Amino acid sequence: MHVIRPSQRTPSTPRLALVLGSGGVRSVAAIGIAECLAREGIRPDLVVGCSSGALFGATIALRMASDEALAMATTLWSAELTRQRRWRSYAQLVAPKIAGFDGAFAMRDDRLIADRIAQAFGEQRLEHLPTPLRVAATDAASGQPVVLTRGRLVDALRASIAVPFIFPSVEVDGRRLVDGVLSDPLPVGVASDADLVIALGFTGAMPRRVDRASRLVAQVTTTMINNLLDARLAAARAAGQRMLNFELDIDRRIGLWDTAAMPRIFEIGQRAAREQLPAIRRMLELPLAA
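Procedures and definitions
All chains use their own residue numbering, which begins from 1 and follows the written sequence. In keeping with the predicted nature of the model, local features appear solely for residues at pLDDT of at least 70, side-chain atom pairs appear and are counted solely at 80 or more, and the whole-chain, interface and lining totals rest on all residues. Values reported for side chains reflect all heavy atoms of the structure, with hydrogen atoms and water molecules removed beforehand. We count a stretch as a helix when DSSP gives it H or I for four or more residues in a row; a strand needs E for two or more, and each element gets its number in order from the N terminus. As a reference, a globule follows 2.2 Å times the number of residues to the power 0.38, and the radius of gyration itself is taken over C-alpha atoms. The rule is simple: take the accessible area with a 1.4 Å probe, protein chains only, and divide by the maximum for that residue type; under 20% is buried, over 50% is exposed, in between is partly exposed. For this analysis, residues touch if any pair of their heavy atoms sits within 4.5 Å. Here the accessible surface of atoms and residues is derived via Shrake-Rupley with a 1.4 Å probe, and residues count as covered only by protein chains that are part of the display. Note on charges: Lys and Arg go in the positive column, Asp and Glu in the negative column, and His and the chain ends are not counted at all. A single reference atom marks each charge: NZ on Lys, CZ on Arg, CG on Asp, CD on Glu. By definition here, a salt bridge exists when the distance from a side-chain nitrogen of Lys or Arg to a carboxyl oxygen of Asp or Glu is within 4 Å. Each pair of strands is called paired provided DSSP finds at least two bridges between the two strands. Taken from the helix axis, the directions to the C-beta atoms give the arc we talk about. Among the buried residues, those of types Ala, Val, Leu, Ile, Met, Phe, Trp, Tyr and Cys that are joined through side-chain atoms within 4.5 Å form a nonpolar core.

Asks: Now, about the overall build of the protein chain: what can you tell me, with residues and values included?
Replies: Helix and strand content of the protein chain: nine helices and eight strands. Computed over the C-alpha atoms, the radius of gyration of the protein chain is 19 Å, within 12% of the 19 Å expected from 2.2 N^0.38 for a compact globule of 290 residues. Reported as C-alpha extents along the three principal axes, the dimensions of the protein chain are approximately 70 × 40 × 40 Å. Here the protein chain holds 290 residues, and the buried ones make up 50% of them. Considering only residue pairs separated by 6 or more positions, the protein chain has 75% of its internal contacts joining residues 24 or more positions apart. For the protein chain, the computed accessible surface area is about 14100 Å², with 52% contributed by carbon and sulfur atoms. Each charge sign in the protein chain was given a centre, from 36 positive and 29 negative side chains, and these centres are 4 Å apart.

Next comes the structure, spelled out in C-alpha cells:
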C-alpha cells in the first residue's frame, strides 16, 4: 500500500478528507454528514472508503444530491444481494477435490451486486470523479492492504465489498482483491496527506450468544476487526494526524443489511455533523457562521 506522508505534501494537498470505514448500512450516515457540511459550504477535497464506506463514499465523491444518494443506497446495499446462492459451493465444501475448491470459492453469486453497481455508476473512473476517491481493498494472496486510485469505479467498489467466503474475489490489474475490512477497516492512514480528517467508523457488534458455527466465526472475526480498527486509529493519532472521529448515537442494534433504517441513520449523521460544526470550523480555521 502506498500512503502519502506529510513530508510529501504539495499545493494540491487535501484540506479536508472524509474517511469512511466499514459498517454495513450504518455507513449511510456519511451521506447525512456530507449533506450537512455542504449546506455550510464545507466539502471534502478527498473521500476515502472501505467496504460499505467506499460504496456510499462514491455517491459523495460524485457530489450526488442526498435524496438521490439515499435512493441509490437502498438498491446497492440490500439483503437480497446476499441471497443469490451458488449451489456448486455446497459440493465444493463436501468434496473439495472433486468439485474444485480454490481461492475463488464463494457461497454467494455476486452477479446481481455487479449489475446493481454497474447500473449505478456505469463507466465512471476513479481518476475522473469530481472529488478524488481512494478505495481500500485487500490483496487476497498476500493479505496486504491495497489502495485503488485509478481505474473503473465499478471494479474498485466490487473489490472493496467482496467479503471472503461469502462473495468471490475481484481481479483488478492482475491481482485478486477482497474486502478492505480485512486489512484496514477504517483507513485513516490513507488520508495522511490531508490537513484534517473526518473519520466515520464502526465497531462490529458481537453475537449475543454463540449457539452455531456461524456465530462463533462472527465472534472471532468481529474481535479481530475491532482490534484492528482501534490499532489503526491509535497509530494515526500517534503519528500526529489531525482527526475528528465521529461516534454516532445509534440507540438500537441495526443489522448490516437493514435498509429500512437508512433514513433514520441519515438523520443521525446530519445531527452529528451539526453538533460537530464548531469543532470542524475551528480545526479548518474558518469563521463561525452568523
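Asks: Outline the pattern of salt bridges, listing residues and values.
Replies: Following the criterion strictly, the structure yields 13 salt bridges and no others. Put simply, R39 and E35 hold a salt bridge, and the shortest N to O gap is 2.5 Å. Residue R39 and its partner E35 are located together in helix α1 (residues 29-39), separated by four residues, close to a single helical turn. Since its relative accessible area comes to 49%, R39 is described here as partly exposed. The network of salt bridges with shared partners includes R209, D211, R212 and R215.

Asks: Residue-level account of unusual backbone geometry, with values.
Replies: Although it is not a glycine, F165 sits at a positive phi angle of roughly 75°. Checked against the element boundaries, F165 lands in the loop between α7 (153-160) and β5 (170-172). Of note in the backbone geometry, D173 takes a positive phi value of approximately 55° without being a glycine. Along the chain, the position of D173 falls in the loop between β5 and β6 (175-179).

Asks: Residue-level account of the pairing of β6, with values.
Replies: Across three bridges, strand β3 (residues 133-139) lies against β6 in antiparallel orientation. When the sheet's bridge partners are listed, T138 is paired in β6 with V178. Pairing of β5 with β6, which is carried by three bridges, proceeds in the antiparallel orientation. Bridge assignment links V170 to a residue of β6, and that residue is L177. If you look at the hairpin formed by β5 and β6, you'll find two residues sitting between the two strands, and D173 has a positive phi there, around 55°.

Asks: For helix α3 (residues 66-76), give the residues involved together with the corresponding values.
Replies: Along α3, the positions that sit buried rather than exposed are S66, A69, L70, M72, A73 and L76. With its buried residues spanning 165° around the axis, α3 presents them on a single face. Where the residues of α3 are buried, they touch α1, α2 (52-61), α6 (111-121) and α9 (262-284).

Asks: Tell me about the nonpolar core, residues and numbers included.
Replies: Side chains of nonpolar character tend, in soluble globular proteins, to be buried together. Among the nonpolar cores identified, the biggest contains 68 residues, and I117, F121, L133, L157, L200 and F246 are the most heavily contacted of them. Among the elements that make up this core, the one with the highest residue count is α9 (ten residues). Beyond its immediate stretch of four places on either side in the chain, F121 contacts L55, A58, T59, L62, M64, M72, L76, L153, V154 and L157.

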